[in-house]
Amino acid sequence: MQTSFPDLPCGRLSRTALSLALGAALATLACAHAHAADTTTLAPVVVTGSNESTSSWAQWQSALDLAARRAATNDTASLLLGLPGLSVNAAGGVSGLPQYNGLSDDQLNVQLDGMGLIASCPNHMNPVLSYASPSQVQSVVSYPAGMVPVSIGADAIGGAIQVQTKSPQFAAPGQASIAGGEVSAGYASNGDARNLGLSAHYGTPSFAIRYDGALVKADDYSAGGDFKTFTATGRPGVALGRDVVGSTAYDVRNHTLGLAWKGGDQLLELGLGYQDVPYQLYPNQRMDMLGNTEKRVNLHWLKQFGWGSLDARLYHETVDHFMDFGPDKRFWYGSQTMKGGVGGYPCSPISPTCASGMPMYSESRTTGAKLQASIDVSPQDVLRVGLDMQRYHLDDYWTPSGGMMWPNTFLNVNDGQRNRAGVWGEWQKQLTPAWQTLAGLRVERVSTDAGPVHGYANTNGMGTMMNYQKRDADAFNALGRKRTDTNIDAALQSRWTLSPTQDIALGLSHNERSPNLYQREPWSTWAMAAIMNNFVGDGNGYIGNPNLKPEKATTLSADFDWHAADKSWQFGAQPFYTQVADYIDAVQWNPMTNAPAAARAKNQFVLLKYVNQTARLYGLNLSGKMPLGDSAIGKLGLQALVNYTRGENRTTGDNLYGIMPLNARITLTQSAGGWNNAVEWVLVKAKTQVNAMRNEIPTGGYGLLNLRASYGWKQARVDFGVENVLNKLYDLPTGGAYVGQGTTMSINGLPWGIAVPGPGRSVYLRGTVAF
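Helix and strand counts for the chain stand at six helices and 33 strands. For a compact globule of 771 residues, the expected C-alpha radius of gyration is about 28 Å, and the chain comes in at 26 Å, within 12% of that figure. On the principal axes, the C-alpha backbone points of the chain span a range of 75 × 55 × 50 Å. Counting the 771 residues in the chain, one finds 58% classified as buried. If you take every contact in the chain between residues at least 6 apart in sequence, the share linking residues at least 24 apart comes to 71%.

Let's shift gears to the side chain of asparagine 126. One can find asparagine 126 in the loop between strand 5 (109-112) and strand 6 (137-143). A distance of 2.9 Å separates the side chain of asparagine 126 from the backbone nitrogen of serine 120, its partner in a polar contact. Residue contacts for asparagine 126: discarding those within four places in its chain leaves Ala119, Ser120, Cys121, Tyr131, Met289, Asn292, Val319 and His321.

Pairing is mixed in the open sheet, where four strands are placed in the order 1-6-7-5. Of all the strands in the sheet, the pair left with one neighbour each is strand 1 (59-60) and strand 5.

Most often, soluble globular proteins keep nonpolar side chains buried together rather than apart. Ranked by size, the top nonpolar core spans 49 residues in total, and within it Met358 and Trp398 carry the most contacts. Excluding residues that lie within four positions of it along the chain, methionine 358 makes contacts with Met287, Met323, Asp324, Phe325, Trp398, Ser401, Met405, Tyr456, Met528, Met532 and Met745. In this structure, Ala77, Leu86, Val137 and Val163 belong to the second largest nonpolar core, which totals 33 residues.

We now examine the pattern of salt bridges. Scanning the model with the defined rule gives 30 salt bridges in all. Across the salt bridge formed by glutamate 444 and arginine 442, the nearest N and O atoms sit 3.8 Å from each other. Assigned by exposure class, glutamate 444 and arginine 442 land together as buried. In this structure, a network of salt bridges that share partners links the residues Asp155, Asp388, Arg418, Arg420, Arg442 and Glu444.

Of the pairings in the sheet, the one linking strand 23 (residues 541-543) to strand 27 (residues 607-631) comprises three bridges and is parallel in character. Within strand 27, the position partnered with tyrosine 542 by the bridge is leucine 608. One ladder, built from 17 bridges, connects strand 25 (residues 570-590) with strand 27; its direction is antiparallel. Considered in strand 27, the bridge of aspartate 585 is made with valine 611. Pairing of strand 27 with strand 28 (residues 634-649) involves 16 bridges; the strand directions are antiparallel. Bridging from a neighbouring strand, proline 627 pairs with glycine 637 of strand 28. Here strand 27 hands over to strand 28 after two residues, the two strands then running antiparallel side by side.

The complete set of buried residues in helix 4 (residues 469-477) reads Gln469, Asp472, Ala473 and Phe476. Taken end-on, helix 4 shows its buried residues confined to a sector of 100°, consistent with a single buried face.

Another point: the state of the cysteines. When the sulfur atoms of two cysteines share a covalent bond, that bond is a disulfide. This structure, assessed with the given rule, holds one disulfide. Here cysteine 347 connects covalently by a disulfide to cysteine 354, the sulfurs 2.0 Å from one another. Its torsion about the S-S bond being 95°, the disulfide of cysteine 347 and cysteine 354 is classed as right-handed. We classify cysteine 354 as buried; its relative accessible area is 0%.

This part is about the sheet that holds strand 4 (residues 103-104). One open sheet holds the three strands; their spatial order is 2-3-4, and the pairing between them is antiparallel. Strand pairing shows two members of the sheet lacking a second neighbour, strand 2 (86-89) and strand 4, which therefore form its edges.

Residue placement: alanine 200 occurs in strand 9 (residues 193-203). Note on alanine 200: relative accessible area 0%, which makes it buried. Separated by 18 residues in the primary sequence, alanine 200 and glutamate 182 have C-alpha atoms spaced 6.5 Å apart.

Moving on to the packing of aromatic side chains. Summed over the entire model, instances satisfying the criterion amount to 20 aromatic pairs. Each ring, one from phenylalanine 535 and one from tyrosine 610, has its centre 6.3 Å from the other, and the planes form 20°; the classification is stacked. With phenylalanine 535 in the loop between helix 6 (527-530) and strand 23 and tyrosine 610 in strand 27, the pair connects residues that are 75 residues apart, well separated along the chain. We note that phenylalanine 535, like tyrosine 610, is buried.

Here we take up a nonpolar patch on the surface. On the surface, Trp562, Trp569, Phe571, Met626, Leu628, Ile666, Leu668, Trp681 and Leu683 cluster together into a nonpolar patch covering about 760 Å² of accessible area. Elements represented by at least two residues in the nonpolar patch include exactly strand 27, strand 29 (663-672) and strand 30 (675-684). Within the secondary structure, leucine 683 is located in strand 30.

Along the chain, asparagine 621 falls in strand 27. Under the relative-accessibility criterion, asparagine 621 is labelled buried at 2%. Within the structure, the side chain of asparagine 621 is placed 3.0 Å from the side chain of asparagine 101, a separation counted as a polar contact. Apart from the residues within four sequence positions on either side, asparagine 621 is in contact with Pro84, Gly85, Asn101, Gly572, Ala573, Gln574, Phe576, Val642, Asn643 and Tyr644.

What follows concerns the pairing of strand 10 (residues 207-218). In terms of residue burial, strand 10 counts as a mostly covered element, since nine of its twelve residues are buried. Relative to strand 10, strand 9 is paired through ten bridges, and the arrangement is antiparallel. If you follow tyrosine 202 over to strand 10, its bridge partner there is isoleucine 209. Hairpin connection from strand 9 to strand 10: three residues lie between these consecutive antiparallel strands. As paired strands, strand 10 and strand 11 (residues 250-263) are joined by twelve bridges and run antiparallel to one another. Across the sheet, the residue bridging to lysine 217 is aspartate 251, located in strand 11.

Take unusual backbone geometry next. With an omega dihedral of -10°, the bond running from serine 348 to proline 349 counts as a cis peptide bond. Within the element layout of this structure, proline 349 appears in the loop between strand 15 (332-333) and strand 16 (355-356). In this structure, the amide linkage connecting tryptophan 406 to the following residue, proline 407, adopts the cis form with an omega of 0°. On the secondary structure map, proline 407 appears in the loop between strand 18 (381-398) and strand 19 (410-432). With a phi close to 65°, aspartate 155 is a non-glycine residue in the positive phi region.

So, about the environment of threonine 578. With respect to the secondary-structure elements, threonine 578 resides in strand 25. Sequence-distant contacts of threonine 578, defined by excluding residues within four places in its chain, comprise Ala553, Thr554, Thr555, Ala615, Arg616 and Leu617. Polar contacts involving the side chain of threonine 578 include one to the side chain of threonine 555, which spans 2.9 Å.

Relative to the helices and strands, tyrosine 333 resides in strand 15. Taking the C-alpha atoms as reference, tyrosine 333 lies 43 Å from arginine 650; in sequence the two are 317 residues apart. Once you skip the residues sitting within four places of it in the chain, tyrosine 333 turns out to touch Phe325, Thr353, Cys354, Ala355, Thr743, Thr744 and Met745. Among the polar contacts made by the side chain of tyrosine 333, one reaches the main-chain amide nitrogen of methionine 745 at a distance of 3.4 Å.

Cut-off values and rules
- Residues numbered from 1 in each chain as written.
- Predicted model: local features only at pLDDT ≥ 70, side-chain atom pairs only at ≥ 80, totals over all residues.
- Heavy atoms only, no water.
- Helix = DSSP H or I, 4+ residues; strand = E, 2+ residues; numbered from the N terminus.
- Rg over C-alpha atoms; globule rule 2.2 N^0.38 Å.
- Buried < 20%, exposed > 50% of the residue type's maximum accessible area, 1.4 Å probe, protein only.
- Contact = heavy atoms within 4.5 Å.
- Polar contact = N/O pair within 3.5 Å; in protein donor to acceptor, adjacent residues only side chain to side chain.
- Pairing = 2+ DSSP bridges.
- Core = buried A, V, L, I, M, F, W, Y, C linked by side-chain atoms within 4.5 Å.
- Salt bridge = Lys/Arg side-chain N within 4 Å of Asp/Glu carboxyl O.
- Arc of directions from axis to C-beta.
- Disulfide = S-S within 2.5 Å.
- Phe/Tyr/Trp six-rings, centres within 6.5 Å; stacked < 30°, edge-to-face > 60°.
- Patch = residues over 30% accessible without salt bridge, like charges linked within 9 Å, V, L, I, M, F, W, Y side chains within 5 Å.
- Areas by Shrake-Rupley, 256 points an atom, 1.4 Å probe, with all protein chains shown as cover.

As structure tokens, then:
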């Protein structure tokens, strides 16, 4: 998908071409200044927060860890690995969904450059972190549930994650200008994954501009061995090896342009972002992303006063998203596609006996604003107050393609709206030099609504009677669909420095989150339509529920930190306990009676409807590091991380879906001169506590060995390593069900019980050069 600017003197330029041309122009300008800038070096990753006043409650991904992880992945969510309590639910190759202490996706407050953007897809294929490539990321900050200040944001019941892309750089006072940039390229053997990055910046003491572009592309990856017994894809003549994980290829282009002005006591920043995705395939979804165009504008203003500061942000985003069956899934359906007892052959024209795929479109607009005042009441007291607003509009529709998808357009979400407005205040007080407290309250109004809908057919023909399209559409249209929720967040945190080697933090919070549009509005009980509404990747079909109530979570958490006075060694423990009222779970549904199923179906994909229930999550995260001393090969160190989370549905006694089992990371590090190397062991316990209602697939325990190394010069860096050195075959505990190839349109047209496996051995190399 490619759109163009109006005619220019040099002809018609695509947006991607213009972005690359702009980057090249900035790079040329930077090269012209290279000799004047004697201090040009390969800039380290500077980890800075977007809200430094509350940074004492946050967890930071170190610059060294960011640089090493950036070389091994094209998925920005994977940069979070190594932080206590965090894991990633596998999805597309660049669209992993963070899980934080058992909560994930919209239950978390995930922001990119201060924007809380919304996934506009019934499979959540375009989450907020997918709009930045790892090479564009400057910092990663996380706040565990119970430790999230109300000033960070709302509309979530779990932790908060803030990812910041690289900002424009100003010249120092008295310096005429600065210029520079980076070029990076990487390759990974498994899936033939490639990435290319280009950045360039120019700045004076009062003006700065920066461009960052990233292109990433990969084919299907291979597991560490055969994980399936079939090779068919549903496309005649096309087969996949038994070790090939179908629908894991991707091609993604991300571009950002930042401009900044500063003078005296104020700063103005303008950020522009553009994403073009020709394709991103999904092994745990029935459909694939075959087009995603995202455009965003982000305006930020900060001004200092004698009494404190004002911070304002205004942003707007548009998304055009398209799904259909990718090359590893059957595309042609209907009796006309049959030849010699085999289906899937092309047919023409589209008709009730010839279906050409299943095109699905999602179009959205998001506009948001934030205003925050920080008031220095006294040397010990800071009062922060603010207001937030967000307006979101969604149209999700499926155009006719033949077969039972005929003759009209299926309106999945028509004129969907989800609007938020909130006010908040928090008080930060330094009671003693060693004791700090933070208390906050937020009140937010969330309204959702949607217009009338209809299916592919608007009359009670045989097809619509069999799949209940007319019945379900009429029932949905008869409802008063507007819902308004008043949500309240409250947070109380306290941190003590007991000694130069010991800190303790305690947090108590109550958070409320309204359902998203894909949880309230999808209306059809037809299995084929329902399996297209699924953002957890379990292969099942989901029906929305307009009467869902907001989730309400109360969390108690703590952070015990013992460390050396110089932080050379450290040990931390983070216990947490969360009770959730009106937790959004699901029950198996009978489409014939339009009521809960009388008996639970087992060992197959099923139809589910969202319902409110009660849940409990608790766990403990342990982390530590220590030096092992100097040796003939350099400085040695040891790092360790252990995460444990338990999730229970208190209404049914079932386990919560998709909880990461007990896992650990143990890393032996070595550094000498420009070398930084590591041996990492990843250990994951077998997943046996699975969700019975969804027929969640158990997974076995496993251990992985990873090697990574890097060498840095003044203006260059090389990273190389091996992931899964022993080529282990293992299943991803939160990767969902494998539906990456075959006849995916039929709910049980695929084998049940195959989990998505992780990648086998992959050797990677990445080089970065600064100029």
